[in-house]
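So you can see what is in the structure, the chains are spelled out below.
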Amino acid sequence: MTDWQRLTDACGSAEHVPALLDRFEADPSGVWSEVIDHLCPQLDQAFPASYAALPRLAEIATACRPDDLTSVLLAAGAIAACAPALSEPYSPLTVHSTSIGVLQGLTDRHLSQVVGAEEYVNLLQTLLSFEGVEIWDRCLDGLQSGEYEVECGHCGVNVFVVIGRDDSFCCSDDYALGEVEKSPLRPMRPQDMGRRAAAEVVHACDGGRAGELGTRPSVPVRTCRLPGLQDRFLSGGAGGGRLDPMTDLATDRRGLAAQNGN
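Residues numbered from 1 in each chain as written. Predicted model: local features only at pLDDT ≥ 70, side-chain atom pairs only at ≥ 80, totals over all residues. Heavy atoms only, no water.

Participant: How would you explain a negative patch on the surface if you had to name every residue and give the values?
Facilitator: Together, E147, E149, D173, D174 and E181 make up a region of like negative charge exposed at the surface. Relative to the elements of secondary structure, D173 occurs in the loop between strand 5 (168-171) and strand 6 (183-184). D173 gets classed as partly exposed once you look at its relative accessible area, which sits at 45%. (Patch = residues over 30% accessible without salt bridge, like charges linked within 9 Å, V, L, I, M, F, W, Y side chains within 5 Å. Areas by Shrake-Rupley, 256 points an atom, 1.4 Å probe, with all protein chains shown as cover. Salt bridge = Lys/Arg side-chain N within 4 Å of Asp/Glu carboxyl O. Lys, Arg positive; Asp, Glu negative; His and termini not counted. Charge placed at Lys NZ, Arg CZ, Asp CG, Glu CD. Helix = DSSP H or I, 4+ residues; strand = E, 2+ residues; numbered from the N terminus. Buried < 20%, exposed > 50% of the residue type's maximum accessible area, 1.4 Å probe, protein only.)

Now the structure itself:
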């Protein structure tokens, strides 16, 4: 049994957390902000009590109404995204692997019911956090906004990467301020991406042709029902192509080693 008095959250002693989670179970959307303030402020910091709450959040997610499921999964996913890598000793993702597995399965199934792009992207990030994927568990927002700002791996210059329905390009100046020199994105076939990155792209957007790419599914196949988002994820927009530097970001540094070892 968890000794909550010995644990801490963002406000100090975590002895109040069980009651907070009980209120969260009764009203997930209404209490969500309070749960995040205590267990994962700014969605980027977790505490001992945060990880200890994962089993309870898995129970709440399993029993809650479908309309409340997203709120519960996003709260748990934010905590999981802060966890040390799976390769680290006593990582919460390993310690609470049973609960994480439950949350991962619920998220994967719930994705097939989502019709809004924002919710889909948020849940996909959540799913990646439960799978132990680094970087993309926090950086998929650009698929929704259509813009990333990255650093060139060769010269260190900041580069804007625009992935839109009508145009896709990269540039080193702020294109929102006026005309700038644009360079097209270089196409990249999923076959040339990291195995895990390719698997996630196919599963999220292509309805399960992972076998054609020689990838090994990490979760049950899911189909993206959002055509606009699918275009951005698979082809980088009307201009076509996957930006090469993104491949390094998309590769799962934790899960790939484990996957290859199976």
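Next, the rest of the story.
Participant: Just give me the short version of the sheet that holds strand 6, but keep the residues and values in it.
Facilitator: Read from one edge of the open sheet, four strands run 3-4-5-6, paired in antiparallel fashion. Each of the sheet's edge strands pairs with one partner strand only, and the pair in question is strand 3 (147-151) and strand 6. As paired elements, strand 3 and strand 4 (residues 158-163) share five bridges and run antiparallel to each other. By the bridge assignment for strand 4, V150 is matched with V159. (Pairing = 2+ DSSP bridges.)

Participant: Lay out helix 2 (residues 28-39) with the relevant residues and their values.
Facilitator: Between the first and last C-alpha of helix 2 there are merely 14 Å, a value that for twelve residues lags more than 12% behind the 16 Å anticipated at 1.5 Å per step. All of the buried residues in helix 2 are P28, V31, V35, I36, H38 and L39. Along helix 2, the residues classed as buried sweep out an arc of 160 degrees about the axis, all on the same side. Close packing links the buried residues of helix 2 with strand 1 (8-9), helix 1 (17-26), helix 3 (48-52) and helix 5 (66-81). (Expected span 1.5 Å × (residues − 1). Arc of directions from axis to C-beta. Contact = heavy atoms within 4.5 Å.)

Participant: Quick rundown of helix 8 (residues 117-130)? Include the residues and the values.
Facilitator: With 14 residues, helix 8 should reach 20 Å at 1.5 Å per residue; the first-to-last C-alpha distance of 20 Å fits that figure. Buried residues dominate helix 8, accounting for ten of its 14 residues. Along helix 8, the positions that sit buried rather than exposed are Y120, V121, L123, L124, Q125, T126, L127, L128, S129 and F130. Of the residues one or two after helix 8, G132 is the one with positive phi, at around 80 degrees.

Participant: Any details on unusual backbone geometry? Residues and values, ideally.
Facilitator: In this model, L43 sits at a positive phi of 60 degrees, which is unusual for a non-glycine residue. Inspection of the secondary structure puts L43 in the loop between helix 2 and helix 3. Looking at L43, the relative accessible area reads 39%, which means it is partly exposed.

Participant: Residue-level account of the side chain of H96, with values.
Facilitator: Mapped onto the fold, H96 is located in the loop between helix 6 (92-95) and helix 7 (97-111). Dropping the residues within four chain positions of it, H96 is found in contact with Y51, A52, L54 and P55.

Participant: Describe in detail the nonpolar core, supporting the description with residues and values.
Facilitator: Of all hydrophobic cores here, the largest spans 56 residues; its most connected members are F24, L39, L54, L57, I79, L103 and V161. The greatest single-element share of this core, amounting to eight residues, is contributed by helix 5. Not counting chain neighbours up to four residues away, the residues in contact with L103 comprise L54, L57, A58, A61, L73, A76 and F130. With five residues, the next largest nonpolar core counts F160, V162, F169 and C171 among its residues. (Core = buried A, V, L, I, M, F, W, Y, C linked by side-chain atoms within 4.5 Å.)

Participant: Describe the pairing of strand 3, with residues and values.
Facilitator: Residues Y148 and V150 line the buried face of strand 3, whereas the alternating positions E147, E149 and E151 sit on a face that is not buried. Linking two consecutive strands that pair antiparallel, namely strand 3 and strand 4, is a turn of six residues; a positive phi of about 85 degrees is found at G156 within it.

Participant: Give me the lowdown on the packing of aromatic side chains, citing residues and values where you can.
Facilitator: To describe a pair of aromatic rings, one takes the distance between the centres and the angle between the planes. Under the counting rule described, the total for this entry stands at two aromatic pairs. Geometrically, the ring pair formed by F160 and Y175 is edge-to-face, given 6.0 Å between the ring centres and 80 degrees between the ring planes. A residue pair is termed long-range when its members are at least 10 positions apart, and F160 in strand 4 and Y175 in the loop between strand 5 and strand 6 qualify at 15 residues. F160 sits in the buried class, given a relative accessible area of 12%. The class for Y175 is partly exposed, based on a relative accessible area of 24%. Their ring planes at 90 degrees and their centres at 5.5 Å tell us that F169 and Y175 sit as a pair that is edge-to-face. Feature note: the residues F160, F169 and Y175 constitute an aromatic cluster, connected by ring pairs. (Phe/Tyr/Trp six-rings, centres within 6.5 Å; stacked < 30°, edge-to-face > 60°.)

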